[in-house]
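A closer look at the structure
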Amino acid sequence: MGLDIRFAAELAMGVLLATTLAACSAPVTPAAAGGLKVVATTTVFADIVANVGGDRVAVDSIVPAGVGPEDYEPKPEDARKLADAGLIVKNGVGLDDFLDRLLDANTQRTPILVLGEGIPTIDVDGQPNPHFWLDPTLVRDRYLPAIVAELSRLDPAGKATYDTNAAAYAAKLDALDTALAAKVATIPTANRKLVTFHDAFPYFAKHYGFELVGVVLANVGQEPTAADLAALVDKVKAAGVKAVFSEAQFNPKLSQTLADEAGISQVVTTLYNDALGPAPADTYLGMMTWNVDRIVEALK
Ligand SMILES: [Zn+2]
């Protein structure tokens, strides 16, 4: 296929030309083409896939670090990124629906791995919650096998490598989980209560034994009403929580208001969950340790 055709297609942005391109594009030949190109919706999933894929895959993500996926507005360059992908990785369960709006004639036949598929959900306010990965045992038991299976299907020659890499990463997840549980154990039981900005922590809370007292933002992209906030202030006061947490991807203003109204002096604004942060929270493992250290500091 000539470069001129591709160039013309980009200029025209025509569905017809794009369809022609997709129709005549070669099947994925990962190893020969210098590695399988994977595009994940978020930096968290990209990091986990990179740990399994190693040298055999090139991984990119769409939502930048420090930005949330639930209200992400796709950009034209995102579609271009996806057009080159041999595999697209998303979480599903409503976290990264923006992806559906990006799929076009170039990508409609690209394999999509939905990491959250089949994982039993916890419902929050009647909605199945998508934030499985904040429980590292779900990453180990659900995400990793799904990633290994899909990479091995697309690149059978790499199966042994993917198995080995996943086993090594699973061992790191085990060590992480043990370390985090030990840190949480230093928080007096009565203080293990979380109030966060959005509803990212149900799987984390269930696994590590926290009570979720409430969230400021029940629906991302929809500001709470004054009545919602007042009800949350009452709940937070009654529960006697020691700190209000806010995720770095959101403006902490409302969390500060909640803390002021409830007479809580600690507001921690640097938790990461949907997106990685600056080092040492720039990997999934680093992010989890960072979060638990901030939570322990505030609640101990
Ligand atoms: Zn989220």
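Here the structure is shown first, and the text comes after it.
Let us look at the structure shown here. None of the values given here were measured: they were computed from a predicted structure.

Rules behind the numbers
Residues numbered from 1 in each chain as written. Predicted model: local features only at pLDDT ≥ 70, side-chain atom pairs only at ≥ 80, totals over all residues. Helix = DSSP H or I, 4+ residues; strand = E, 2+ residues; numbered from the N terminus. Buried ≥ 20, exposed ≤ 12 C-beta atoms within 10 Å, placed from the backbone. Contact = placed C-beta atoms within 7 Å. Core = buried A, V, L, I, M, F, W, Y, C linked by C-beta atoms within 7 Å. Domains from an automatic or database assignment. Pairing = 2+ DSSP bridges. Right-handed = clockwise from strand over helix to strand, strands pointing away. Axes fitted to C-alpha atoms, helices over the stretch in contact; angles between N-to-C directions. Expected span 1.5 Å × (residues − 1). Parallel < 35°, antiparallel > 145°, perpendicular 65-115°, else oblique.

Structural notes on the overall build of the chain
Secondary structure summary: the chain contains eleven helices and ten strands in total. Considering the chain as a whole, with its 300 residues, one finds that 42% of them fall into the buried category. In the chain, the share of contacts with a sequence separation of at least 24, taken over all contacts with a separation of at least 6, comes to 63%.

Quick notes on the nonpolar core
The biggest cluster of nonpolar side chains holds 82 residues, and the ones touching the most others in it are Val38, Ile48, Val49, Val52, Val89, Leu144 and Ile147. In terms of residue count, helix α11 (residues 284-299) provides more of this core than any other element does, eight residues in total. Counting the residues that make up this core, at least three belong to each of domain 1 (25-179) and domain 2 (185-299). Apart from the residues lying within four places of it in its own chain, the contact partners of Ile48 are Val139, Tyr143, Ile147 and Tyr284.

Some thoughts on the environment of Ala281
Tracing the chain through its elements places Ala281 in the loop between β10 (266-271) and α11. Sequence-wise, Ala281 and Asn291 are ten residues apart; in three dimensions their C-alpha atoms are separated by 8.4 Å. Once residues within four sequence positions are removed from consideration, Ala281 is found in contact with Tyr272, Leu276, Gly286, Met287 and Trp290.

Regarding the pairing of strand β2 (residues 57-61)
Here β2 shows a clear split, with Val57, Val59 and Ser61 buried on one side and none of Ala58 and Asp60 buried on the other. Where strand β1 (residues 36-40) meets β2, five bridges bridge the pair, whose relative direction is parallel. Within the sheet, the bridge partner assigned to Val38 lies in β2 and is Val59. With respect to chirality, the unit in which β1 leads through helix α3 (residues 43-53) into the neighbouring parallel β2 is right-handed.

Re the environment of Ala168
Within the secondary structure, Ala168 sits in helix α7 (residues 159-184). C-beta crowding within 10 Å serves as the criterion here: with 12 such atoms nearby, Ala168 is assigned to the exposed category. On a C-alpha basis, the gap between Ala168 and Asn51 in space is 8.9 Å, while along the polypeptide they are 117 residues apart.

Re the sheet that holds strand β3 (residues 87-90)
Taken in spatial order, the four strands of this open sheet run β2-β1-β3-β4, and their pairing is parallel. The open sheet terminates on both sides in strands that have one partner only, identified here as β2 and β4 (112-114). Each strand of the sheet is rotated relative to its neighbour by a mean of 25 degrees, with strand direction disregarded. Here three bridges tie β1 to β3, and the two strands are oriented parallel to one another. Within the sheet, the bridge partner assigned to Val38 lies in β3 and is Leu87.

What about the pairing of strand β9 (residues 243-247)?
It is a general feature of regular strands that their side chains alternate between the two faces of the sheet. Along β9, five of the five residues are buried, which leaves the element largely enclosed by surrounding structure. Residue alternation in β9 divides its side chains into two sets, Ala243, Phe245 and Glu247 and Val244 and Ser246, and both sets are buried. After leaving β9, the chain enters helix α10 (residues 253-262) and then returns to the sheet as β10, a path that is right-handed.

Some words on helix α9 (residues 226-239)
In an α-helix there are 3.6 residues to a turn, and that puts residues three or four apart on one side. Look at α9: 20 Å from first C-alpha to last across 14 residues, which is about the 20 Å you get at 1.5 Å a residue. Of the residues one or two after α9, Gly240 is the one with positive phi, at around 65 degrees.

Things to note about α3
With ten of its eleven residues buried, α3 lies for the most part within the structure. For α3, every residue scored as buried is listed here: Thr43, Val44, Phe45, Ala46, Ile48, Val49, Ala50, Asn51, Val52 and Gly53. Elements that come into contact with the buried residues of α3 comprise β1, β2, β3, α6 (136-154), α7 and α11. Taken from the residues just after α3, Gly54 is the one with a positive phi, measuring 55 degrees.

Observations concerning the packing of α7 against α11
Remark: α7 packs on α11, axes separated minimally by 10 Å, with the N-to-C direction vectors making an angle of 5 degrees. One element, α7, and the other, α11, form an angle in the roughly parallel class. Where α7 approaches α11, its residues Lys172, Leu176, Leu180, Lys183 and Val184 are matched on the opposing element by Leu285, Met288, Val292 and Val296.

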